[in-house]
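Given next are the chains, with one letter for each unit.
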Amino acid sequence: MKNSDRLIRAMIWDRRRRAFFGVLRELRHDRPGFIGLLLLTFFGLFALAAPLIADRSALLAASGRNNPDLAAPSAKFLFGTDEIGRDVLAQLVWGSRVSLFIGLFATLVAVVIGSVVGLVAGYAKGKVSAVLLAIDDFFLVVPFLPLAIVLAVVLGRSPLTLAIVIGFTSWAGSARLIRAQVLTLRERAYVERAQALGAGSWHVIRRHVLPGVAPLIIANATLIVPVAILTESTLSFLGFGDRLSPSWGKLLDGAQSSGSITINAWWYFLPPGLCIIGIVLAFTMLGRALERIFDPRLRGR
Amino acid sequence: MTTPVLQVNELQVSYHAHSGVVPAVRGVDLEIAHGETLGLAGESGCGKSTLALALLRLLPPTTKVTGSILFAGKDILTMRPGEVRAIRWAQASIIFQGAQHVLNPVRTIGRQIDEASETHGMNRSGGVAELLEIVGLGARRAKDYPHELSGGQKQRALIAMALACDPMLIIADEPTTALDVMIQAQILQMLEEIKRERGLSMLFITHDLSVLSQIADRVAIMYAGRVIEVGAGRDLLREFKHPYSIALAASFPVIGDTASRRNPRGLVGDPPSPNDLPSGCAFHPRCSVAIEKCRSTDVVLKSVSKSMDRRVACLHFGGQSD
Amino acid sequence: MSWRYLLKKVGGAFLTMAVVVVFNFFLFRIVDRDPLAKYRGRSKLTPEQRETMIRRMGLEGSKWDQFVVYVKSVFRLDFGRSFDSTQPVLEEIKMRLPATLLLVGVSTLLTIFIGLYIGTKAGWRRGSRFDKASTSASMVLYSTPEFFFGMLLLAFVAGRTGWFPTGGLRTVGADHDFVGNILDRLHHLVLPMLTLTLGYLGSYALIMRTSMIETLGEDYLVTARAKGLKDSEVMSRHAVPNALLPSVSLIAISCGYIIGGAITTETVFSYPGLGLATANAIQNNDLPMLQALFMLASAAVILFNLIADIIYAFLDPRVKRVE
């Protein structure tokens, strides 16, 4: 690698690092955003610490054989037990990984599809753009939950399939946003200049357009995660997902179908529900704060 | 002497921003007599539009406004909200700049004009139709929505709206900006006629000095939240005294003089930001005749002629340099 | 509104629906190679019965032949027979539609009115105590899966107090007169309705608040105040009509989501509408039922969008003459 290349690379990384810390600094002054970040850190640590809190074998159906069913919280089971005697806390801790994984993976799928469609639809002209817009329109209009349901029924019920299905049904809005941003960017002088200098489309997109839409993509992705987690919990509640490696939504499904509500076994259904609310709130508050930071016009919302 | 239609004393307006208190208007005195037009000129950001909104207490509630604003002798700053609303449009109306979104896009022109007279319980015999005829739009336009009018037509509609309650004073805030020269001239002439026929007083705000020679009886020049020169229109526009006024006048091309169009003289640099005003005379960093004392001495308006009418805020005039 | 605008929007709606129909075929006949494999009772079928089912489901011949048969049956609203009940899917849907329409209809109206009211007031008095409280509450409501509201209501309201029934459409076996019957049904409707309303209130309030705040920066509100209008008049005549505009299409889209929300809510309360039917169809891999329900939900959302476009044209004169 040439020395000048290395220098440029270092400069780019320095700029990125400073931008990152700049955003963090601004987040400190944005109260909802800061609370969101704290909550998120908490849930992140919670998921990372799962093996320290409970053994994974506690998820197995056999693990509850000798325990009382639907027992109230006690010293042994801080969050009580489920209908087959398994520790609710263990399922809650390990469930955080499942919920977060599906939420993040689905978002990755959605962001990749949404960014590609948005970038190309905004940058290309004519038929390509028109066709992409029509596809985008279709996915915007078709109700995403019923769509996700039929896709999951046909494609399979595993958590990974769920994540892909959720991602596949939730990219349309971000494609629209990114396209609009690209349209304004391509009018900017530096993009026009790059084009005039004969730069290829991909070069212009990668070097000039993508950095311009990156903040938007990041803020938007942060707002897709909570929707993906909510969709996942809904689908799990309706019977998709894996009972032996339950997400928080799947736990709620278990609580519902085991009749824990009728006997008011609150320790079974309250914790996963509150966790879903907490993580969704965290991502939403952080995402809205990022929007405010990246787009000063939204200040004061 | 009769009471002036509008008398403004020591008006101060400051906004609250993240960086602290930002002064936009810093001690302005104005007076407008019956049937008189006062032209108020200055660059954008000098506080002239803030002043216009402050007159009818239309600034956001967090804005701090002190001094007094007397309409027919009564101070609007000490009135209760109901009394303020009664003054708005009935005693003083505003002609906003039509190029901006000052008309509600989802209501017809007619309804928006009618709304003003309705609010103040005035049922004009001719109604909206007559008003639209006066401004040369034609009664049929009442059913149109704002987006269906051209820039000049919108400006006419706004003038019709300003006349709806027969006010004594009209505050015209850049009413001809963003219009092409031909339409600008038509609108100005129309305003002049309407004013004369109805014996109206007017505060005419503009950044374009050339417009004022046609319409203003007296002229005040504003810079950085203050009036820095004021005098009778003809007198002042014939010979500016304050270095800023001279520079401002020179920055506009003279019609017929192609050299001035190609090479505008006058103002260098940008007007100061209100939250970072220079010390002393706020104009000194851009002034070609500034002396050391201008940095430190806060200058005020002083009479420079025997008629008491012409006043300038500059150390070089009125014996202030002594 | 010009005819051209109307025609364009109606045409667009039909086109989208056509894509839904084709997509449906693609998903259930091509991606899913053997739809019958999901039929639980298939092992007990005699070869003749199997033949009959394949014929009934239109799975004979080439994919193109199947497509033609499929499109024809869609036009006849013939979605085959449910794997589960073996009744015609259309009959099942017809039977359950009224209950869902009642539930979703009432809660959508409630959500729109309450949500828009809260959002308007919060945006108008931005930064006030009401704004802070209602925005925080809306965020929490938005972050809660609606079925969790249902579970909470069931456990802590119905379970503890016994004031409301825990599920169903009406009291089974009760002998009511006409009025008593209506009251009994309303009694059963309260908690599911509350669940759906709470579930969607937050997003409506947040949408309207944002829209209102955007409108508050507009110059024409200064004009309105300058004319001497009272604050309440400025709000109702100038701010709200404009702030509603962007909300209309967003609300249309979320009306579609509420259909999805009814699925889990009806499940929690065993409320026998289309939502519960969907949940059961998922449990039983009831493909014919799911196909029909998916198409119905899509048709409903497409219709809502069309209605929103038409309402929009009435609210915003700028749309009308756009050719």
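Residues numbered from 1 in each chain as written. Chains lettered and ligands numbered in written order. Predicted model: local features only at pLDDT ≥ 70, side-chain atom pairs only at ≥ 80, totals over all residues. Heavy atoms only, no water.

Let us look at the overall build of chain A. A count of helical and extended segments in chain A gives 12 helices and 0 strands. Along chain A, from the amino end to the carboxyl end, the secondary structure elements read α-α-α-α-α-α-α-α-α-α-α-α. Per-residue burial for chain A yields a buried fraction of 51% across its 301 residues. Pairs at least 24 apart in sequence give 71% of the contacts found in chain A among residues at least 6 apart. Looking at chain A as shown, the accessible area adds up to about 14,200 Å², and 66% of this sits on carbon and sulfur atoms. Side-chain charges in chain A split into 32 positive and 18 negative, and the spacing between the mean points of these groups amounts to 10 Å. (Helix = DSSP H or I, 4+ residues; strand = E, 2+ residues; numbered from the N terminus. Buried < 20%, exposed > 50% of the residue type's maximum accessible area, 1.4 Å probe, protein only. Contact = heavy atoms within 4.5 Å. Areas by Shrake-Rupley, 256 points an atom, 1.4 Å probe, with all protein chains shown as cover. Lys, Arg positive; Asp, Glu negative; His and termini not counted. Charge placed at Lys NZ, Arg CZ, Asp CG, Glu CD.)

To continue, consider the arrangement of the chains. The interface with the highest contact count, out of 2 pairs of chains in contact, is the one between chains A and C. Separated without contact, chain A and chain B have their nearest C-alpha atoms at a distance of 12 Å.

For helix α5 (residues 129-143) of chain C, with 15 residues, the first-to-last C-alpha span of 21 Å sits near the 21 Å given by 1.5 Å per residue. Among the residues of α5 of chain C, D131, S134, T135, S138, M139, L141 and S143 of chain C are the ones counted as buried. On its buried face, α5 of chain C sits against α10 (201-237) and α12 (266-294) of chain A together with α4 (89-124), α6 (146-161) and α7 (178-216) of chain C. (Expected span 1.5 Å × (residues − 1).)

This part is about unusual backbone geometry. In this model, A224 of chain B sits at a positive phi of 50°, which is unusual for a non-glycine residue. Counting through the fold element by element, A224 of chain B comes out in the loop between β9 (218-223) and β10 (226-232). Backbone geometry at N285 of chain C places phi at a positive 50°, although glycine is not the residue there. Tracing the backbone through its elements, the reader meets N285 of chain C in the loop between α10 (274-283) and α11 (287-315).

Okay, the interface of chain C and chain A next. At the junction of the two partners, chain C supplies 50 residues and chain A supplies 43 residues. Roughly 4,000 Å² of surface becomes buried between chain C and chain A when both sides are summed, with 77% attributable to carbon and sulfur atoms. In terms of surface lost to chain A, no three residues of chain C exceed F148, M151 and I282 of chain C, which account for 15% of the buried area on that side. Where chain C meets chain A, there are 0 salt bridges. Applying the counting criterion to the chain C and chain A interface returns 2 residue pairs in polar contact (both at pLDDT 80 or more). Those elements that provide at least two residues to the side of chain C that touches chain A are α1 (3-31), α5, α6, α7, α9 (231-268), α10 and α11 of chain C. Considering each element in turn, the side of chain C that touches chain A owes the most residues, 9 residues, to α6 of chain C. When the residues that make up the side of chain C that touches chain A are grouped by side-chain class, the tally is 30 nonpolar, 13 polar and 7 charged. (Buried area = accessible area lost by both parts, 1.4 Å probe. Salt bridge = Lys/Arg side-chain N within 4 Å of Asp/Glu carboxyl O. Polar contact = N/O pair within 3.5 Å; in protein donor to acceptor, adjacent residues only side chain to side chain. Nonpolar A, V, L, I, M, F, W, Y, C, P; charged D, E, K, R; others polar.)

As a further point, take the interface of chain C and chain B. Chain C puts 21 residues into the contact, and the matching count from chain B is 26 residues. Carbon and sulfur atoms make up 57% of the area that chain C and chain B hide from each other, which totals about 2,200 Å². If you sort the residues of chain C by the area they bury against chain B, R225, A226 and K227 of chain C come out on top, with a joint share of 28%. Our enumeration of links across chain C and chain B arrives at 2 salt bridges. Between K227 of chain C and E115 of chain B there is a salt bridge whose closest N-O contact spans 3.1 Å. Counting across the chain C and chain B interface gives 11 residue pairs in polar contact (both at pLDDT 80 or more). Of all the secondary structure elements, the ones that give two or more residues to the side of chain C that touches chain B are α8 (219-226), α9 and α12 (317-320) of chain C. The greatest single-element share of the side of chain C that touches chain B, amounting to 6 residues, is contributed by α8 of chain C.

What follows covers the state of the cysteines. Residues and elements named next belong to chain B. For the coordinates displayed, the defined rule picks out 0 disulfides over all chains. With no disulfide partner, C46 has as its closest neighbouring cysteine sulfur the one in C281, 14 Å distant. Using a relative accessible area of 4% as the deciding quantity, one classes C46 as buried. No disulfide involves C314; its sulfur sits 6.3 Å from that of C294, the nearest cysteine. (Disulfide = S-S within 2.5 Å.)

Residues in a regular strand project their side chains so that they alternate between the two faces of the sheet. Residue and element names in this part refer to chain B. The element strand β7 (residues 169-173) is extensively covered by neighbouring structure, given that 5 of its 5 residues are classed as buried. Because side chains alternate across β7, one face comprises the buried residues L169, I171 and D173, and the other comprises I170 and A172, equally buried. Across 4 bridges, the pairing between strand β6 (residues 92-95) and β7 is parallel. Paired with I94 across the strands is I171, a residue of β7. Alignment of β7 against strand β8 (residues 201-206), held across 5 bridges, turns out to be parallel. Bridge pairing links D173 to I205 in β8. Regarding topology, helix α6 (residues 181-198) serves as the crossover connection from β7 to the parallel β8, and that connection is right-handed. (Pairing = 2+ DSSP bridges. Right-handed = clockwise from strand over helix to strand, strands pointing away.)

This next bit is on the confidence of the model for chain C. Residue-level pLDDT values for chain C average 86, and 95% of them are 70 or greater. The lowest-confidence element of chain C is α12 of chain C, averaging 76 in pLDDT; the highest-confidence one is α5 of chain C, averaging 95. (pLDDT = per-residue confidence, 0-100.)

Right, let's get into the nonpolar core. In this structure, F71, W89, I113, I159, L203, F204 and I221 of chain B are the most contacted members of the largest nonpolar core, which totals 94 residues. In terms of residue count, helix α5 (residues 151-163) of chain B provides more of this core than any other element does, 7 residues in total. Setting aside chain neighbours within four positions, we find F204 of chain B in contact with T37, L38, G39, L40, A172, P175, L188, L191, V211, L212 and I215 of chain B. Counting residues in hydrophobic clusters, the runner-up holds 81 residues, among them V165 and W171 of chain A together with L45 and F67 of chain C. (Core = buried A, V, L, I, M, F, W, Y, C linked by side-chain atoms within 4.5 Å.)

All names here are of chain C. You can see V319 is positioned in helix α12. A sequence separation of 31 residues divides V319 from P288, and the C-alpha atoms of the two residues are 41 Å apart. In contact with V319, not counting residues within four places along its chain, are Y5, Y312 and A313.

On to the packing of aromatic side chains. On inspection of all chains with the given rule, the structure shows 20 aromatic pairs over all chains. Between F138 of chain A and F139 of chain A, the ring centres sit 5.5 Å apart and the planes meet at 85°, which makes this aromatic pair edge-to-face. The same class applies to F138 of chain A and to F139 of chain A, which are both buried. The rings of F138, F139, F168 and W171 of chain A together with F23 and F294 of chain C are connected pair by pair, giving a single aromatic cluster. (Phe/Tyr/Trp six-rings, centres within 6.5 Å; stacked < 30°, edge-to-face > 60°.)

Now for the pattern of salt bridges. For the coordinates displayed, the defined rule picks out 27 salt bridges over all chains. Of the charged contacts in the structure, one is a salt bridge between E174 of chain B and K48 of chain B, with a shortest N-O distance of 3.5 Å. With E174 of chain B in the loop between β7 and α6 and K48 of chain B in helix α1 (residues 48-55), this residue pair connects regions lying 126 residues apart in the sequence. Of the two residues, E174 of chain B and K48 of chain B, neither departs from the other in class, the shared state being buried. We note a salt bridge from K241 of chain B to E239 of chain B, for which the minimum N-O separation is 3.5 Å. Within this structure, R107 and E115 of chain B together with K227, E233 and R237 of chain C form a network of salt bridges that share partners.

Residue and element names in this part refer to chain B. Of all 6 residues that make up β9, 6 are buried, and the element is covered over most of its length. Burial along β9 is two-sided: the face carrying R218, A220 and M222 and the face carrying V219, I221 and Y223 are both buried. Bridging between strand β3 (residues 37-41) and β9 involves 4 bridges; their strand directions are parallel. Across the sheet, the residue bridging to L40 is A220, located in β9. Bridge count for β9 against β10 is 6 bridges, and the pairing is antiparallel. Of the residues in β10, the one forming a bridge with Y223 is R226. Here β9 hands over to β10 after 2 residues, with A224 in that stretch at a positive phi of 50°.

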